Amino acid sequence: MKKNVRWAAMLLAATLTLGSLAGCGQGGSEMPQVTEEVAKAMEEETKENAEPLQEENEVPEDGVISKAQMDTIAGKEETYHFNGMTEDGISYQWDYDGQKVQNPVEQKLLVECTADGLDEVKKAAANAPYALKVTLQKMEMAAPAELTLTLKEAWDADKVLYCTYEDGKVYKLDDAEIESEEKNSKISFTVTKAGGDFYLVGGSTKGASKESSDAEEKKTAGAEEKSQSGVSSQAAQDEGTGGNDAEDSTQADGGNEQGADDQDPVHTCTISIECSTILNNWDDLRQSKAEFVPSDGWILYPSEVEYTKGETVFDVLKRVCNDAGIHMASRYTPMYGSYYIEGINQLYEFDCGQNSGWMYCVNGWFPNYGCSSYTVEDGDVIEWRYTCNLGSDVGDTYMGGDG
């Protein structure tokens, strides 16, 4: 689906035209069409006039980093920092990996924070002693970004979760990192989507016995994890923040010390393919395609696979489909210099409505560029999902227009 390059919206933008103006009286006048070449020339001029971003930048008063400015860091190896402060004195820093910025878009980096009125959030997070609401402006992320907040107080916590709060439940988006000193704490987490209220909930896992931890978790669900399809599942028992004795089961990223001297280290990622949204939109599906929809929606369950350094998401998908005997169809688009996926398992774009097709996300982020431009890294979680509503039904809230 052309979502891999923000298909519909970008096609319209690439062929920008000015509408006709109806004249009064006899006849009328039509504004001349702005050709693609003219539009590109205008864009290039804007880029040339943009002030290049530095590795250290201050967030402007309106919080806006323009598309042209973001273009000055696109594809570069450096990490770029954007520093700001909330109205109540909490300093924050956005960190962008220039290599992940392939299709620059405007970024809105103002952040608001409050610790007031969060009793219900704390309760939903297994009675977490600490909580902070973090409000982010709505924007399409140019790349996943790390956001670090420096609080004006110290949290006595060794576990912090970055979450959303919906219908009385807390859903984990990321494990945050916390560093505390005597008078403040620094909390860092990854932002893959922005727009609205998010929450940090924290607590201590020290001092509680395993038995009390298990008993507490029988009484409360604690933080739940939210998949990209928007369906929640119970988190693992080590995700509570209300004083539970949690154990960190995180594995080392793709390597082992014994193999450190190997000339050809093994690189792994996880990939899955699913079309469960079709099950909720069955009446819109072409009847001839019904046999290709698995009863549970899974075409390929999450599978850890090896890849060669430098391969893209497209390369991994193509090989996995070939090895598993799964049909895949793609097309190269010179305009964007990338492939986009037309069909998987005989399910094509528009087979389940005019807003349907394939999308991919990596580590919870829906890249705004083609899958053959995204270079895979160790530990990446790649998800191919069939959407029936321009992405809003699979977790791409920006594309779907939520909020």
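Residues numbered from 1 in each chain as written. Predicted model: local features only at pLDDT ≥ 70, side-chain atom pairs only at ≥ 80, totals over all residues. Heavy atoms only, no water.

So, on to the nonpolar core. Core analysis: the largest hydrophobic core is formed by 74 residues, its most contacted members being Trp94, Tyr96, Leu136, Leu149, Trp155, Leu200 and Trp384. Core analysis: the next-biggest nonpolar cluster, separate from the first, contains 11 residues, Leu118, Ala124, Ala131 and Leu161 among them. (Core = buried A, V, L, I, M, F, W, Y, C linked by side-chain atoms within 4.5 Å. Buried < 20%, exposed > 50% of the residue type's maximum accessible area, 1.4 Å probe, protein only.)

Let us now look at the packing of aromatic side chains. The full count for this structure, using the stated rule, is 15 aromatic pairs. Centroid distance Tyr360 to Tyr374: 6.5 Å. Interplanar angle 85°. Geometry classified as edge-to-face. Placement of the pair is Tyr360 in strand β20 (residues 357-362) and Tyr374 in the loop between β20 and β21 (381-387), with a sequence separation of 14 residues. For Tyr360, a relative accessible area of 1% gives the class buried. (Phe/Tyr/Trp six-rings, centres within 6.5 Å; stacked < 30°, edge-to-face > 60°. Helix = DSSP H or I, 4+ residues; strand = E, 2+ residues; numbered from the N terminus.)

All right, on to the sheet that holds strand β17 (residues 328-333) then. Strand-to-strand pairing in sheets goes through backbone hydrogen bonds, with the strands running parallel or antiparallel. Within the open sheet, the three strands sit side by side as β17-β18-β19. Their pairing is antiparallel. Since the sheet does not close on itself, it has two edges, and those belong to β17 and β19 (347-348), each with one partner. In this structure, β17 lies alongside strand β18 (residues 338-344), joined through six bridges in antiparallel fashion. If you follow Ser330 over to β18, its bridge partner there is Ile341. Its contacts with the sheet place helix α6 (residues 313-324) against β17 and β18, and it is angled at close to 150° to β17. (Pairing = 2+ DSSP bridges. Contact = heavy atoms within 4.5 Å. Axes fitted to C-alpha atoms, helices over the stretch in contact; angles between N-to-C directions.)

Further remarks concern the pattern of salt bridges. Taken as a whole and judged by the stated rule, the model has nine salt bridges. A salt bridge links Arg331 to Glu342; its shortest N-O distance comes to 3.3 Å. Highlighted residues: Arg331 in strand β17 and Glu342 in strand β18, separated in sequence by 11 residues. Judged by relative accessible area, which is 16%, Glu342 ranks as buried. One salt-bridge network, in which partners are shared between bridges, spans Lys159, Lys172 and Asp175. (Salt bridge = Lys/Arg side-chain N within 4 Å of Asp/Glu carboxyl O.)

Backbone geometry at Ala126 places phi at a positive 55°, although glycine is not the residue there. For Ala126, a relative accessible area of 2% puts it in the buried group. Of note in this structure, Leu390 is not a glycine but carries a positive phi near 55°. Within the secondary structure layout, Leu390 lies in the loop between β21 and α7 (397-400). Taking relative accessible area as the criterion, Leu390 reaches 25% and is therefore assigned partly exposed.

Below, the discussion takes up the pairing of strand β3 (residues 79-85). Burial analysis of β3 places five of its seven residues in the buried class, which makes it a mostly covered element. Bridging between strand β1 (residues 56-58) and β3 involves three bridges; their strand directions are parallel. The partner of Glu56 across the bridge, within β3, is His81. With seven bridges connecting them, β3 and strand β4 (residues 91-97) associate as antiparallel partners. From the neighbouring strand, Gly84 faces β4, where its bridge partner is Tyr92. Counted between consecutive antiparallel strands, the loop separating β3 from β4 contains five residues, among which Gly89 sits at a positive phi close to 90°.

This paragraph deals with the side chain of Thr205. Looking at the element boundaries, Thr205 is found in the loop between β12 (194-203) and α5 (210-219). Look at Thr205 and you get buried, because its relative accessible area is 13%. One polar contact links Thr205 to Asp158, side chain to side chain, over a distance of 2.9 Å. (Polar contact = N/O pair within 3.5 Å; in protein donor to acceptor, adjacent residues only side chain to side chain.)

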